[in-house]
Amino acid sequence: MDISENIQDLKKELPEGVTLVAISKTKPNEDIMEAYKTGHRIFGENKAQEMTGKWEELPKDIEWHMVGHLQRNKVKYIAPYVSLIHSVDSPRLLKEVNKQARKEERIINCLLQVKIAEEDSKYGLSMDETEALLASEKFKSYNYITVIGLMGMATFTDDKEQLQREFGSLEKFYNKLKDQYGFTQLSMGMSGDYQIAINHGSTMVRVGSAIFGERNYS
Ligand SMILES: *Cc1c(COP(=O)(O)O)cnc(C)c1O
């Protein structure tokens, strides 16, 4: 795996206005530094402890994005430094992020994760729940978070039409809410489906294995 070549090729391919989040979960610091040396600074992880360890050890100008399901009792570990949480999937989690951000005296940017996969997916708000949350009085009282957009994960499939339907549904929902809530980011697309996601308006792609190689969980 030539990490620096992979990331440079990928960045050349992405249209202007699409941000690459390099998903480095399970990968060692040396791999991250190889990408870092090309000038890349935005990395994503799916576990709070792993991300915090890497944040402690690696250069402080890295922007760390949380992309995986986040338990409320883990928010405090990432609140001092996280730059964007993509995976806010419940009103209680958003409340906790606001609370911890307040303790840290910083504002934390968040995306609401919306369920779009036709297959059963565990995490994410329905579109109705998303609208209800955004319209609630509680939401308006949260002064230490900014919701800058939405995130979605499609079904893990090769079926292009299904991917188009799923990304298309989130694109439509995002466009409906965007002006009212001042959204600027739509996070959709991974190694296997980022081109389709970009065709459906993604502004942020989360790519792991196409940069760092397959993950080994053993
Ligand atoms: C692991 C992960 C990715 C990256 O997946 P790849 O297929 O390796 O590109 C993107 N988003 C989330 C939420 C992930 O957990």
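The coordinates are above.
Being a predicted model, the structure only gives us computed values, none of them experimental.

*Asks:* Could you give an account of the packing of aromatic side chains, with specific residues and numbers?
*Replies:* A complete count under the given rule lists four aromatic pairs for this structure. Between tryptophan 55 and tyrosine 81, the aromatic rings sit 4.2 Å apart at their centres with planes inclined by 5°, giving stacked as the arrangement. Placement of tryptophan 55 in helix α3 (residues 48–57) and of tyrosine 81 in the loop between α4 (75–78) and β4 (84–88) is noted, with a sequence separation of 26 residues between them. Overall, the relative accessible area of 9% leaves tyrosine 81 in the buried class. Between the aromatic rings of tyrosine 174 and phenylalanine 183, the centroid separation amounts to 6.1 Å while the plane-to-plane angle is 20°, which identifies the pairing as stacked. When sorted by exposure, tyrosine 174 lands in the same class as phenylalanine 183, which is buried. An aromatic cluster is defined as three or more aromatic residues linked by ring pairs; in this entry it consists of Tyr174, Tyr181 and Phe183. A cation over a ring is seen here: arginine 41 above tyrosine 36, with NZ or CZ 3.5 Å from the ring centre. The cationic tip of lysine 60 hangs over the ring face of tryptophan 55; the distance from NZ or CZ to the ring centre is 5.3 Å.

*Asks:* Hey, could you go over the site of the ligand for me, with residue numbers and the actual values?
*Replies:* Around the ligand, the neighbouring residues are Ile23, Lys25, Val67, Met153, Met190, Ser191, Arg206, Val207, Gly208, Ser209 and Arg215. Between the ligand and serine 191 there is a distance of 2.5 Å, counted from an oxygen atom to a side-chain nitrogen or oxygen. Between the ligand and glycine 208 there is a distance of 2.8 Å, counted from an oxygen atom to a backbone nitrogen or oxygen. Coverage of the ligand by the protein chains reaches 91% of its 390 Å² of free accessible surface. Its residues assigned to classes, the shell around the ligand shows five nonpolar, three polar and three charged.

*Asks:* Tell me what's going on with the packing of helix α1 (residues 3–13) against helix α2 (residues 29–36), and back it up with residues and numbers.
*Replies:* Following both chains from N to C, one finds α1 and α2 inclined at 45°, their axes separated by 8 Å at the closest point. Here α1 is positioned oblique relative to α2, judged by the angle of their axes. The two elements α1 and α2 cross, and the hand of that crossing is right-handed. Where α1 approaches α2, its residues Ile3, Ser4 and Ile7 are matched on the opposing element by Asp31, Glu34 and Ala35. Its residues assigned to classes, the contact of α1 with α2 comprises three nonpolar, one polar and two charged.

*Asks:* Outline the side chain of serine 209, listing residues and values.
*Replies:* Inspection of the secondary structure puts serine 209 in helix α10 (residues 209–212). Setting aside residues no more than four positions away along its own chain, serine 209 makes contact with Met1, Ser191, Glu214 and Arg215.

*Asks:* Please provide a residue-by-residue account of the pattern of salt bridges, values included.
*Replies:* Following the criterion strictly, the structure yields seven salt bridges and no others. Close ionic contact of glutamate 50 with lysine 54 constitutes a salt bridge, the shortest N to O distance being 2.9 Å. Within this pair, glutamate 50 and its partner lysine 54 are both found in helix α3, separated by four residues, close to a single helical turn. A residue is classified by how much of its surface remains accessible, and lysine 54, at 6% relative accessible area, is buried. For glutamate 137, the salt bridge identified is with lysine 140, shortest N-O distance 3.4 Å. Remark: lysine 140 and glutamate 137 occur in helix α7 (residues 137–141); sequence separation between them is three residues, near one turn of the helix. Here lysine 140 falls in the exposed class, since its relative accessible area comes to 52%. Sharing partners across several salt bridges, the network here consists of Glu45, Glu50 and Lys54.

The rules behind the values
- Residues numbered from 1 in each chain as written.
- Predicted model: local features only at pLDDT ≥ 70, side-chain atom pairs only at ≥ 80, totals over all residues.
- Heavy atoms only, no water.
- Phe/Tyr/Trp six-rings, centres within 6.5 Å; stacked < 30°, edge-to-face > 60°.
- Helix = DSSP H or I, 4+ residues; strand = E, 2+ residues; numbered from the N terminus.
- Buried < 20%, exposed > 50% of the residue type's maximum accessible area, 1.4 Å probe, protein only.
- Lys NZ or Arg CZ within 6 Å of the ring centre and 35° of its normal.
- Near = heavy atom within 4 Å.
- Polar contact = N/O pair within 3.5 Å; in protein donor to acceptor, adjacent residues only side chain to side chain.
- Areas by Shrake-Rupley, 256 points an atom, 1.4 Å probe, with all protein chains shown as cover.
- Nonpolar A, V, L, I, M, F, W, Y, C, P; charged D, E, K, R; others polar.
- Axes fitted to C-alpha atoms, helices over the stretch in contact; angles between N-to-C directions.
- Parallel < 35°, antiparallel > 145°, perpendicular 65-115°, else oblique.
- Left-handed = near helix turned anticlockwise from the far one by under 90°.
- Contact = heavy atoms within 4.5 Å.
- Salt bridge = Lys/Arg side-chain N within 4 Å of Asp/Glu carboxyl O.

These results come straight from atomic positions and should not be treated as a statement about function.
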